[in-house]
Amino acid sequence: MNRKKWISVPVMLLASAWLVGCSTPVADDTLHQGVMRDLANNVMYPLQGELATEAEKVKTSVAAFCDSPSDATLKAAQDAWRAARVPWKHAEVVRFGPADDLRLGTAIDFWPVRTDSIEMAITAAPEPITAEHVASLGTSSKGMPALEYLMFDPIGGNASILVSLGGADAVAKRRCAYARAVAETFANDAAALEAAWSPEGGGFVDQVAKAGTGSTTFVSGYHGVSRVVNLLNAALQVVNENKLAAPAGMKTGTPDASLVESRFSDHSIEDLRHNLLGVEEVYLGRHGEKSGNGLTVLVAAKSPAIDAAVKQALTDALAKVSEIPPPLRLAVTDHPDSVTATHAAVRTVRIRMNTDVASVLGINILLTDNDGD
């Protein structure tokens, strides 16, 4: 567990690089500082704790299934996996700091899943298969997508998994041992992420909460807010281009269900919904029973009309996601209009974020990995 304060050289370099890309801070930084403080304490850090808690349940339930395979223990493990997706998909829209610098984000959720890498890793793994060994593997062989591939079968259903993973033969036992090690590695990574954010651990929550009031990562609340707006813009672009446009074949003309996120569990539409709910939480500054200042207070102070338009765009996008006939892996071919409509609605949210919000707050939107696609 990383117990050092979050002031490593890589972070400082990232912070410096970030500052170069930002405009001149505002004259009065007080409200921006309040937004960063509340987002850190009410939204971002709680999500890390929730992910760690749910990941531990995944580890426990997968181990219980491997020790006593049954339809009931398999469903419990699958339910735990689905529950862990919720805090992760909310947190994913503001993935920065330890998730990127410790490479925990890709270790937890690298997709589209590469089934050939997972099968090769199972074959090549030493006996006994340990979490330490899985942790040493590349991101395509571990994390939540690898576990999903092993625990869900959209064609054969749980009857198939009870044979491939829960059978009494040596092959099934080896696969379950690998799944158990993947689940333990996921729990370890989620715990490490929570520890890096914790005030008693890496202290990254304080770097965010104290933007402009002592943070070495963000010299002002304005710079922190700029980073958050850019993160939301990048997340919305990933949702639009990687999670909707690519599998729907909007550029190639040919739908490709293998590019659908969470296609084995058919959790894809829920993933989309929770990504958008994550954006909404950051914009509104609330999570669960916690609430405070979000981006909305900054935008509303400058332009109530833009603030209302952003909220409406989020509501519309969430409605469109709910209108996609599940599962998404079939909808990309059978109901392309619903996917196209959702893509358009999410695009509207992104335009509101990277033009209206950025403009009214005086923020520069930087290029993302997907720009130019």
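Model, not experiment: these values are computed from the prediction.

> Help me understand unusual backbone geometry in this model?
Here the residue pair Glu127 and Pro128 is connected by a cis peptide bond, since its omega of -10 degrees sits within 30 degrees of zero. Along the chain, the position of Pro128 falls in the loop between helix H6 (115–124) and helix H7 (131–135). Following Pro326, the chain continues into Pro327 via a peptide bond in cis, with omega recorded as -5 degrees. When you line up the elements, Pro327 lands in the loop between helix H15 (304–322) and helix H16 (328–334). Despite not being glycine, Arg103 shows a phi value in the positive range, around 60 degrees. Note on placement: Arg103 falls in the loop between helix H4 (98–101) and helix H5 (104–108). Not every positive phi belongs to a glycine, and Ser262 is a case in point at roughly 55 degrees. You can see Ser262 is positioned in the loop between helix H12 (221–248) and helix H13 (268–284).

> Please explain the packing of aromatic side chains as it appears in this structure.
Remark: the centre distance and the inter-plane angle together describe each pair of aromatic rings, the angle taken between the planes. This model, assessed by the stated rule, comprises 6 aromatic pairs. With a centroid separation of 5.4 Å and an interplanar angle of 75 degrees, the aromatic rings of Phe96 and Phe204 are classed as edge-to-face. On the criterion of sequence distance, the pair formed by Phe96 in the loop between helix H3 (71–92) and H4 and Phe204 in helix H11 (residues 204–209) is long-range, its members being 108 residues apart. Classification of Phe96 as buried rests on a relative accessible area of 2%. Accessibility expressed as a relative area gives 2% for Phe204, which makes it buried. Ring centres 6.4 Å apart and planes at 40 degrees place the aromatic pair Phe96 and Phe218 in the tilted group.

Quick notes on the rules
- Residues numbered from 1 in each chain as written.
- Predicted model: local features only at pLDDT ≥ 70, side-chain atom pairs only at ≥ 80, totals over all residues.
- Heavy atoms only, no water.
- Helix = DSSP H or I, 4+ residues; strand = E, 2+ residues; numbered from the N terminus.
- Phe/Tyr/Trp six-rings, centres within 6.5 Å; stacked < 30°, edge-to-face > 60°.
- Buried < 20%, exposed > 50% of the residue type's maximum accessible area, 1.4 Å probe, protein only.

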